[in-house]
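# A structural walkthrough
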Amino acid sequence: MATSTRGPGPQPLEKEEDLPQDRPSGHLSVISKLCYSIGGAPNQAASSAAAFYLQLFLLDVAGIPAVQASLVVFVGKLLGAAADPAAGFIISRSPRTALGRLTPWILGCSPFLALTYFFLWFLPPIGRLQGLWYAAFYGLFQALSTDQEERDSATAYRMTMEMAGTLTGATVHGLIVAGAHKAPRCPEANLTDPLLSVASSISPHTSQLYMIAAGVIAGTYPLCTALLALGTTEEDDGYILEQRRVPFFQGLSHTLQHQPYQKLVASFLFISAAVQVQQSYLVLFCTHAAPLHSHMQNLVLLVLVAAVLSTPFWEWFLQRVGKKAVAYGIGAMVPSALLLAAVPTAPVAYAVAFVSGTSIALASLLPWSMLPDIVDDFRLHKVPLKGLETIFYSSYVFFTKLSGAGALGISTLSLEFAGYESGSCKQSDKVVIMLKVLIGAVPTSMVLIGLGILSVYPITEQRRRETAHRLDMLRREVPVCLVTQSQCSPEWSHHSDAAPSLAKARESGSQPGFCWV
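Quantities reported herein were computed from a predicted structural model and do not represent experimental measurements.

### Some thoughts on the overall build of the protein chain
The helix and strand tally for the protein chain stands at 18 helices and 2 strands. When each of the 517 residues of the protein chain is scored for burial, the buried share is 53%. For the protein chain, the share of sequence-separated contacts (at least 6 apart) that also reach a separation of at least 24 residues comes to 84%. Approximately 22,500 Å² of the protein chain is accessible, and the part contributed by carbon and sulfur atoms is 65%.

### Structural notes on the packing of aromatic side chains
Per the stated rule, a full pass over the model turns up 22 aromatic pairs. For the pair Trp-133 and Phe-137, a centre-to-centre distance of 4.7 Å together with 45° between the ring planes defines the contact as tilted. Separated by 4 residues within a single helix, Trp-133 and Phe-137 lie in helix α5 (residues 130-144), roughly one turn from each other. In textbook terms, an aromatic cluster arises when at least three aromatic residues are bridged by ring pairs, as seen for Phe-57, Tyr-117, Trp-121, Tyr-134, Phe-141 and Tyr-210.

### Quick look at the side chain of Asp-60
One can find Asp-60 in helix α2 (residues 41-61). Of the residues examined, Asp-60 reaches a relative accessible area of 12% and is grouped as buried. Reaching out from Asp-60, the side chain makes a polar contact with the side chain of His-288 at a distance of 2.9 Å.

### Some thoughts on the nonpolar core
By size, the foremost hydrophobic cluster in this structure holds 107 residues, and its most contacted members are Trp-121 and Ile-330. Sorting elements by how many residues they give to this core places helix α14 (residues 346-381) first, with 16 residues. Split by domain, this core shows at least three residues from each of two domains, domain 1 (28-182 + 204-233) and domain 2 (251-480). If we skip the residues at most four places from it in the chain, Trp-121 touches Ala-49, Ala-50, Tyr-53, Leu-54, Phe-57, His-173, Tyr-210, Met-211 and Ala-214.

### What about the pattern of salt bridges?
Inspection of every chain in the model, using the stated rule, returns 2 salt bridges. Asp-373 serves as the salt-bridge partner of Lys-323, at 2.7 Å between the closest nitrogen and oxygen. Taken together, the residues span a long stretch of sequence, with Lys-323 in helix α12 (residues 323-326) and Asp-373 in helix α14 at a distance of 50 residues. Asp-377 is the partner of Arg-463 in a salt bridge, and the nearest nitrogen-oxygen pair spans 3.0 Å. Residue Arg-463 is located in helix α17 (residues 461-477), and its partner Asp-377 is located in helix α14; the two are separated by 86 residues in the primary sequence.

### Observations regarding the UniProt feature "transmembrane region" (unreviewed entry) in the protein chain
UniProt's entry tags residues 102-123, 209-230, 264-284, 296-318, 325-343, 349-371, 391-413 and 433-457 with the feature "transmembrane region" (unreviewed entry), counted in the numbering of this structure. Here residues 209-230 is 95% helix and 0% strand, with 33 Å between the C-alpha atoms at its ends. A distance of 36 Å separates the end C-alpha atoms of residues 433-457, which is 88% helix and 0% strand.

### Some points on the environment of Ser-403
Looking at the secondary structure, you find Ser-403 in helix α15 (residues 388-418). Distance in space between the C-alpha atoms of Ser-403 and Ile-271 is 9.6 Å, their sequence separation being 132 residues. In this structure Ser-403 touches Leu-269, Ser-272 and Ala-273, once residues within four positions along its chain are discounted.

### Section: empty space enclosed by the protein
Enumeration over the complete set of coordinates arrives at 5 cavities of 30 Å³ or more. Taken as a whole, the second largest cavity encloses approximately 130 Å³ of empty space. Lining of the second largest cavity is provided by 13 residues; of these, Gln-278, Leu-282, Val-303, Ala-353 and Ser-356 occupy positions nearest its centre. Of all the secondary structure elements, the ones that give two or more residues to the lining of the second largest cavity are α10 (259-288), α11 (296-321) and α14. In terms of residues, the lining of the second largest cavity owes the most to one element, α14, which gives 5 residues. Looking at side-chain class alone, the lining of the second largest cavity contains 10 nonpolar, 3 polar and no charged residues.

### Details of the packing of α2 against helix α4 (residues 102-120)
At a minimum axis distance of 11 Å, the contact between α2 and α4 shows a crossing angle of 20°. Our classification of the angle between α2 and α4 gives roughly parallel. Remark: the crossing between α2 and α4 carries left-handed chirality. Facing Asn-43, Ala-46, Ala-49, Leu-54 and Phe-57 of α2, the residues of α4 in contact are Leu-113, Tyr-117 and Leu-120. Across the contact of α2 with α4, the residue classes break down as 7 nonpolar, 1 polar and no charged.

### Considerations on a nonpolar patch on the surface
Residues Leu-71, Phe-74, Val-75, Leu-78, Leu-79 and Leu-402 make up a contiguous nonpolar surface patch of about 450 Å² in total accessible area. Looking at which element gives the most residues to the nonpolar patch, the answer is helix α3 (residues 66-92), with 5 residues. Secondary-structure assignment places Phe-74 in helix α3. Among the residues examined, Phe-74 registers a relative accessible area of 32% and is labelled partly exposed.

### Some points on α10
With 30 residues, α10 extends 44 Å between its outermost C-alpha atoms, agreeing within 8% with the 44 Å of an ideal straight helix rising 1.5 Å per residue. If you look at α10, its biggest bend is around 40°, right at Tyr-281. Of all 30 residues that make up α10, 24 are buried, and the element is covered over most of its length.

Conventions and cut-offs
- Residues numbered from 1 in each chain as written.
- Predicted model: local features only at pLDDT ≥ 70, side-chain atom pairs only at ≥ 80, totals over all residues.
- Heavy atoms only, no water.
- Helix = DSSP H or I, 4+ residues; strand = E, 2+ residues; numbered from the N terminus.
- Buried < 20%, exposed > 50% of the residue type's maximum accessible area, 1.4 Å probe, protein only.
- Contact = heavy atoms within 4.5 Å.
- Areas by Shrake-Rupley, 256 points an atom, 1.4 Å probe, with all protein chains shown as cover.
- Phe/Tyr/Trp six-rings, centres within 6.5 Å; stacked < 30°, edge-to-face > 60°.
- Polar contact = N/O pair within 3.5 Å; in protein donor to acceptor, adjacent residues only side chain to side chain.
- Core = buried A, V, L, I, M, F, W, Y, C linked by side-chain atoms within 4.5 Å.
- Domains from an automatic or database assignment.
- Salt bridge = Lys/Arg side-chain N within 4 Å of Asp/Glu carboxyl O.
- UniProt positions renumbered as here; feature names shortened; annotations may be inferred.
- 1 Å grid on protein atoms, 1.4 Å probe; cavity = no way out; pocket = protein on both sides within 12 Å on 5 of 7 lines; lining within 4 Å.
- Points joined across faces, edges and corners; volume = space filled by probe spheres on them.
- Nonpolar A, V, L, I, M, F, W, Y, C, P; charged D, E, K, R; others polar.
- Axes fitted to C-alpha atoms, helices over the stretch in contact; angles between N-to-C directions.
- Parallel < 35°, antiparallel > 145°, perpendicular 65-115°, else oblique.
- Left-handed = near helix turned anticlockwise from the far one by under 90°.
- Patch = residues over 30% accessible without salt bridge, like charges linked within 9 Å, V, L, I, M, F, W, Y side chains within 5 Å.
- Expected span 1.5 Å × (residues − 1).
- Bend = angle between axes of the 7 residues up to and from the residue.

Written as structure tokens, this is what we have:
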């Protein structure tokens, strides 16, 4: 331990091994990154299966009216949106245990999450109360499956593994329930009477097939959660120069006033809603608005395979070109969505599925790569207080889920106004037109609005590099002392802006520093 010229008082720590245990001391190992990324795979598997097949299940298998289906989706997404900031608040205030703060919550919620997902695909014998059943369990599923925060090199691992989970979930679910949805065969005499044109394509074992698919995916929760808990160790945020914790609502006010964050959230409100709408109505579109019923499973699989394969490419490309420039690749969804709605043939559908998959991968990867830049920009120019990173991530998830709730709820309700008949093997022309609008015009307009907002996003590649360099210099040059709050020297801590405070300290000839309390 080196001596200090300050006289009595806390001594700065100069050796890495002298740093407090809560401070990160190095890079994550490959095993830790893999275990961390595996922990998010079950959520993505379950979410992808629900994204592609829940609408079809609610409308054509459970047979609930479209207005009830819209309420199920809206209430579920709304509860999920409200749960994210609430979970961030509760977890950040939880005491540290031997497993950390977050891990006990993950282990405790995992069994309930598996059960809620399983019962989401169950056909309860309660008649008209089925809508309440599905709203309750979809809401619980969305509320329990809150996203985790991550950053830096773990992003590629997390995104790749979660994309693999997305692929596995939708593929396994689709293969298992494929026998429940044969090509619809409506007798010609019954086409004019919607009450007689009830689809005979639902097999007698439909409910069992859906429950088997749900059970397989739900069974991945305990396995992957155990790997997450055994292979990772929680660490406090090592990027924070000051360890004074900010109150939740005060921190939320700080984050919402940061302009780069405002523009990123506003942009991906529309882009994420466009992705959710396109995923939710692809299967219904293939079933009722296009002669693509026999290609439905293959199209879903191609979308997900393209997303998985393109994720490493996008990760590499955004490092070479820059995140803001790469974002315009999401615009490929625009012509592909319009083309599918206008020319719903098999060759066009397969080409569109591949392009849509690559765009969906970029739309999923990009915000999680840009959020750490916003957090670093905030720390450099604003108040670097503990707990703000959790608020940034949880509030972003809240707003994107809220936009998804509104978009999916309104779009499903529009099917009710168009005259959608649950269980009918042939829908009216109004329903067909509405499905084309939902698969084409709606995602297109949302993506264009989102990219327009993102065009004025202020953090360029040059600004990002400058911010990273200045923060790196601060971490290298500011000594850290292990003291209590009462021992902390007044000139060392509680600076509202780290960089100006460091420069001011240098001009006065004193040794700048921050306290590790």
